[in-house]
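Working through the structure, step by step
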Amino acid sequence: MLGICFGICFVTGMLSFYQYQPWSWLPEPAAPIWAYRLTQGIHVTTGIASIPLLLVKLWSVYPKLFEWPPVRSVLHGLERASIAVLVAASLVEVATGFVNVLDWYPWHWSFVFVHRQLGYIVIGALLVHIAVKLPLIREALSKPVDDQTPATGLSRRGLLVATAAGAGIVGLTTVGQSLSPLEPLAVLAPRRPRSAPLGVPVNKTAAEAGFRDWGDAAWRLSVLGPHPYDLDLAQFEALSTVEHDFPLTCVEGWSVSARWRGPLLLEIVRRAGGDHNSRIRVSSLERSGSYRRSTVDGPQVGQAILATHLNGVRLTPDHGYPVRLIAPNRAGVLNTKWLTAVEVL
Amino acid sequence: MRTRLALGAVGAFAMAYGTWRILQQQHLSKPTELGKWLVAAVLVHDAILVPVTLAVGFALTVVRPRARRYIQGALVTAAVVCVVAIPLIYRRGTQPSVKALEQQNYGGHLVVLLGLIAAVAAGLYVLSVVRERGQRDSVTKVRPSAGQTPDVPS
C-alpha cells in the first residue's frame, strides 16, 4: 500500500517537475485544462496520506532494528544500509513535503530541488528493497492471511483498520482544497480556496513582491519581437477580450476553477510579428523571485489570456494587477503576475 | 532472479543519481544540513517516537484485553489525525488572509474529530459487549453446561 502511494507520488511528482522544465520539443499540453489540477491534487493528497502508512510500516518492522548479529555478511550489510537510506529519505521526504504545503521552510536548501532528488533516492531504495524481498513478497501473497485475533490487544487487521480510518479522515478533511465539492469537509485543509478574496487564494501577495504604490500612469506593456510596440493601461484595457474558465492549480496541492477575462496572448503576439508556433516569454514587474518570468509555448500559446478580470472583478494587486498571465493545465506560479513585458523568442 | 537483478539495478541507479545531483548542486541542496535532517529523522523516529508509543502500549496493559483493543485502535486513528493537525495548529495565523492559508480553527476542529473518534470506538466497544452477551445467552440455552466462553466473539 505504502509502495503504491510512493509510486503514485513519484510519477505525479515527476509530471509536476516537467511543468517547470519542459523539453522544447515536447511542450506541456493545453488540454485537458484540469490535467495538472488532477495530478497535483493526487500527489499532495497521496503524499499526506502516506505519512501514517509510513509510520505504521516502520512501527511493524521496528523489532528488526535490533536484529542480531547486526551484519551477517557484506550483502546483508548492504541491504541494511539501503534500508537505512530508505527510512531516512522517506521520513524527510514526506515530512518536508507536508511542511512545504504549509508555506513553512525551516531549512536553507532549495525545497524543489531536494524534494526531487530525494524522490529519486526513495524510489530507488524502494526498488532495491523490493528486489531483495521479492521471494518473501511472492510467498506472502500466495498464502491466505493469517489473522488470528490475539488475546492481548489489537490484531493486525485491527491496526490496519485503525490506520486506514485515520488516513481516511485525513484524506476526507484535506482533499477539499483541490476537490471543490468536498470543500465544506476540509476542516484540516491548509487552504480553503473559496474563502479567499475573489474566490482564489494567492501565494505571493503584492506586499511580499515589494509593491506599495501602483502608478497606473507609468505602467506599460512592452511587446518585443520582430515588430515591437508598447501599450499603456488605457490602450491595453481597450483591446477586445475573451472569457474562459481555467483552474488555478498550486504545486502545493490546492486548486480552484475561476473565470478569467482579458485579451488573448496570441493576438498581442501576432501584432508583434509572432504566431501560435512562437515561444513567448512574459516578465513581471517583480525585481526578484524565481517566478518573475515564464515561458509559454506549444498548445498553450493559443489558449493563454493576459487577464485583467477574475470572476468578473478587476484584478486586485494581490492577484496580479494590472495584468497577469493565465493558461490552462499550467502550474500556478507559472501564471506570472504583474506583467510588464511580452517577448516573442 | 532476473527480475530481482533488474529491479535492484534500476533502484541502485536512481539512488546513485539522486545522491550525485545532491552532491553536485551543493548551493541548492546544502548537503551538510540535509545530512543532519536525515540522521535526525531516524533518531527522532527510532529513539523517541517509537519508544513513547511502546510506553503508551505498556501503560495500556492494565486495561482488560477487549477494551484495550478499542482504545488502541482509537489511539492509532487519533495519532494519525494529530500528525497532520498539530503542524497546522502551530502555523495557524502566520499568513496574510488573502492567501486563504492556515486560517481555520484547527484546534477546535481537532477536538471535534478526536471526540468523534472516541465516540465511534466507544460505540463499537459497546456493540461488541452486547453482541457477546447475546451469543453467550444463546450458547447457554443450547448447552447449559458450557460455563466458559471465550473473551472474544469469533
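The model shown is predicted, which means the values in this text are computed figures rather than measured ones. (Residues numbered from 1 in each chain as written. Chains lettered and ligands numbered in written order. Predicted model: local features only at pLDDT ≥ 70, side-chain atom pairs only at ≥ 80, totals over all residues. Heavy atoms only, no water.)

What follows covers the packing of aromatic side chains. Here the structure, examined in full by the defined rule, presents 17 aromatic pairs over all chains. Both rings, one in tryptophan 107 of chain A and one in tryptophan 37 of chain B, keep their centres 5.5 Å apart while their planes meet at 90 degrees; by these two values the pair is edge-to-face. Remark: tryptophan 37 of chain B occurs in helix H3 (residues 31–59) and tryptophan 107 of chain A occurs in the loop between helix H3 (74–101) and helix H4 (111–142); the pair is interchain, linking two chains. Residue tryptophan 37 of chain B is classed as partly exposed on the basis of its relative accessible area of 29%. Summarising the aromatic geometry, the rings of tryptophan 109 of chain A and tryptophan 37 of chain B are spaced 5.3 Å apart at their centres and angled 80 degrees between planes, so their arrangement reads as edge-to-face. Here tryptophan 109 of chain A, found in the loop between H3 and H4, pairs with tryptophan 37 of chain B, found in helix H3, and the two come from separate chains. (Phe/Tyr/Trp six-rings, centres within 6.5 Å; stacked < 30°, edge-to-face > 60°. Helix = DSSP H or I, 4+ residues; strand = E, 2+ residues; numbered from the N terminus. Buried < 20%, exposed > 50% of the residue type's maximum accessible area, 1.4 Å probe, protein only.)

On the side of chain B, 60 residues touch chain A, which itself brings 73 residues to the contact. A combined buried area of about 5,600 Å² lies between chain A and chain B, and 75% of that area is made up of carbon and sulfur atoms. Of all residues in chain A, Trp109, Phe113 and Leu188 of chain A bury the most surface against chain B, accounting for 11% of the area lost on that side. Put simply, chain A and chain B have two salt bridges between them. With a closest N to O distance of 2.9 Å, glutamate 208 of chain A and lysine 99 of chain B form a salt bridge. Class assignment of the residues belonging to the side of chain A that touches chain B gives a composition of 53 nonpolar, 14 polar and six charged. (Contact = heavy atoms within 4.5 Å. Buried area = accessible area lost by both parts, 1.4 Å probe. Salt bridge = Lys/Arg side-chain N within 4 Å of Asp/Glu carboxyl O. Nonpolar A, V, L, I, M, F, W, Y, C, P; charged D, E, K, R; others polar.)

This paragraph deals with the side chain of arginine 68 of chain B. Relative to the helices and strands, arginine 68 of chain B resides in helix H4 (residues 65–91). A distance of 3.4 Å separates a polar atom in the side chain of arginine 68 of chain B from the backbone oxygen of leucine 60 of chain B. (Polar contact = N/O pair within 3.5 Å; in protein donor to acceptor, adjacent residues only side chain to side chain.)

Moving on to helix H2 (residues 35–60) of chain A. An ideal rise of 1.5 Å per residue puts 38 Å on 26 residues; H2 of chain A measures up with 37 Å between its terminal C-alpha atoms. For H2 of chain A, the tally of buried residues reaches 20 of 26 residues, placing the bulk of the element in the interior. (Expected span 1.5 Å × (residues − 1).)

Next up on the list: the environment of tyrosine 17 of chain B. On the secondary structure map, tyrosine 17 of chain B appears in helix H1 (residues 2–24). Sequence-distant contacts of tyrosine 17 of chain B, defined by excluding residues within four places in its chain, comprise Gln117 and Tyr120 of chain A.

Looking now at the sheet that holds strand S8 (residues 309–310) of chain A. Residue and element names in this part refer to chain A. Within the open sheet, the four strands sit side by side as S3-S4-S8-S9. Their pairing is antiparallel. A strand with exactly one partner marks an edge of an open sheet, and here the two such strands are strand S3 (242–249) and strand S9 (313–314). Two elements, strand S4 (residues 255–262) and S8, share two bridges in a ladder whose sense is antiparallel. Counted as the bridge partner of tryptophan 260 is leucine 310 from S8. In the packing of H2 onto the sheet, the strands contacted are S3 and S4, and the crossing angle to S3 comes to about 15 degrees. (Pairing = 2+ DSSP bridges. Axes fitted to C-alpha atoms, helices over the stretch in contact; angles between N-to-C directions.)

Further remarks concern the packing of H2 of chain A against helix H5 (residues 156–174) of chain A. All names here are of chain A. Contact pair H2 / H5: the axes reach a minimum separation of 8 Å and the direction vectors enclose 160 degrees. One finds that H2 runs roughly antiparallel with respect to H5. Seen along the crossing, H2 lies across H5 with a hand that is right-handed. Judged by residue contacts, Ile48, Ala49, Pro52, Leu53, Val56 and Trp59 of H2 engage Leu159, Thr163, Ala167 and Val170 from H5. In the contact of H2 with H5, the residues fall into nine nonpolar, one polar and no charged. (Parallel < 35°, antiparallel > 145°, perpendicular 65-115°, else oblique. Left-handed = near helix turned anticlockwise from the far one by under 90°.)

Once that is clear, we can look at the domain arrangement of chain B. On domain assignment, one finds that chain B holds domain 1 (28–62) and domain 2 (67–138). Distance between the C-alpha centres of domain 1 of chain B and domain 2 of chain B: 23 Å. (Domains from an automatic or database assignment.)

Attention now goes to the confidence of the model for chain B. Parts of the prediction with low pLDDT should not have their coordinates interpreted in detail. Of the residues in chain B, 90% reach a pLDDT of 70 or more, and the chain-wide mean stands at 89. Contacts of residues 146–154 of chain B to residues separated by more than four positions or lying in other chains number eleven contacts, the stretch itself having pLDDT below 50. (pLDDT = per-residue confidence, 0-100.)

For the bond running from tryptophan 68 of chain A to proline 69 of chain A, omega is -5 degrees, close enough to zero to count as cis. Mapped onto the secondary structure, proline 69 of chain A falls in the loop between H2 and H3. Residue proline 322 of chain A follows tyrosine 321 of chain A across a cis peptide bond; omega there is 10 degrees. By the element assignment, proline 322 of chain A lies in the loop between S9 and strand S10 (324–326). Positive phi, normally seen in glycine, also occurs at lysine 30 of chain B, with a value near 40 degrees. Take lysine 30 of chain B: it is sitting in the loop between helix H2 (26–29) and H3. Of note in the backbone geometry, glutamate 102 of chain B takes a positive phi value of approximately 55 degrees without being a glycine. Its location among the elements puts glutamate 102 of chain B in the loop between H4 and helix H5 (106–142).

Residues and elements named next belong to chain A. Mapped onto the fold, lysine 204 is located in the loop between H5 and strand S1 (220–224). Considered as a pair, lysine 204 and histidine 319 are 115 residues apart in the sequence and their alpha carbons are 8.7 Å apart. Dropping the residues within four chain positions of it, lysine 204 is found in contact with Ala209, Glu286, Ser288, Gly289, Asp318, Lys337 and Trp338. Side chain to side chain, lysine 204 and glutamate 286 meet in a polar contact 2.7 Å long.

So, about the pairing of strand S5 (residues 280–284) of chain A. The two faces of a sheet get side chains in turn, since along a regular strand they alternate between them. Residue and element names in this part refer to chain A. Burial of S5 is extensive: four of the five residues sit out of reach of the surface. Looking at chain direction, S5 and strand S6 (residues 293–296) are connected through four bridges and run antiparallel. Among the inter-strand pairings, serine 283 is bridged to a residue of S6, identified as arginine 293. The pairing of S5 with strand S11 (residues 339–344) spans five bridges and is antiparallel. Following the sheet pairing, isoleucine 280 is matched in S11 by valine 344.

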